[in-house]
Amino acid sequence: MSCIFCKIAAGEIPADIVFKNERVTAFTDLNPMAPTHILIIPNQHIDSVDAIVNDETARAAAECLRAAREIAQARALTGGYRLVTNTGPDAGQSVPHLHFHLLAGRLMTWPPG
Ligand code: 5GP
Ligand code: ZN
């Protein structure tokens, strides 16, 4: 297993874990782009949104969204938050394990750069 996010989900390499359950792990991004920048990943390896192809992978992705809401509520992100998932090279995906960036704590521009 060479995937860095699989290793974080398995507890094999350290991360600042902020949420964990049977299906999902969330941890602080190493290179934060906002005061709150958390990565939410399925514990199961899924390459990207392009690999959400059946009920099992769809369920894993949906559990990430539910975790996002729970994290936002626990942290009282009352100003709102942005969820981003990059898929493929044009979007800048650098880690090939599905992850949702939860960004909050500053005003977000739209459209993104
Ligand atoms: P992507 O560019 O694939 O959408 O996002 C990957 C994110 O993972 C980046 O924001 C990067 O800072 C973060 N990242 C990469 N490696 C690690 C790591 O080992 N630990 C943590 N906490 N974040 C990482
Ligand atoms: Zn993985």
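Preceding this paragraph is the structure being described.
Conventions adopted
Residues numbered from 1 in each chain as written. Chains lettered and ligands numbered in written order. Predicted model: local features only at pLDDT ≥ 70, side-chain atom pairs only at ≥ 80, totals over all residues. Heavy atoms only, no water. Patch = residues over 30% accessible without salt bridge, like charges linked within 9 Å, V, L, I, M, F, W, Y side chains within 5 Å. Areas by Shrake-Rupley, 256 points an atom, 1.4 Å probe, with all protein chains shown as cover. Salt bridge = Lys/Arg side-chain N within 4 Å of Asp/Glu carboxyl O. Helix = DSSP H or I, 4+ residues; strand = E, 2+ residues; numbered from the N terminus. Buried < 20%, exposed > 50% of the residue type's maximum accessible area, 1.4 Å probe, protein only. Donors = N, O, S within 2.8 Å, 3.2 Å for Na, K, Ca; no water. Tetrahedral: all angles 85-135°; square planar, octahedral: opposite > 155°, others 65-115°.

Asker: Break down a nonpolar patch on the surface for me, citing the residues and quoting the values.
Answerer: Together, Leu65, Tyr81 and Leu83 give the surface a local cluster of nonpolar side chains, amounting to about 250 Å² of exposed area. Along the chain, Leu83 turns up in strand 4 (residues 82-84). You can call Leu83 partly exposed: its relative accessible area is 34%.

Asker: Describe the coordination of the zinc ion (ligand 2), listing the residues and the values that go with them.
Answerer: Ligation of the zinc ion (ligand 2) by protein atoms is provided by Cys3 (SG), Cys6 (SG), His45 (ND1) and His97 (ND1), these donors lying 2.1 to 2.3 Å from the ion. What the four donor atoms of the zinc ion (ligand 2) show is an angle range of 105 to 119 degrees at the metal, which sorts the shape as tetrahedral. The sequence pattern describing where the donors of the zinc ion (ligand 2) fall on their chain is C-x2-C-x38-H-x51-H. Given the relative accessible area of 13%, Cys3 is considered buried. Residue classification places Cys6 among the buried positions, given a relative accessible area of 9%.

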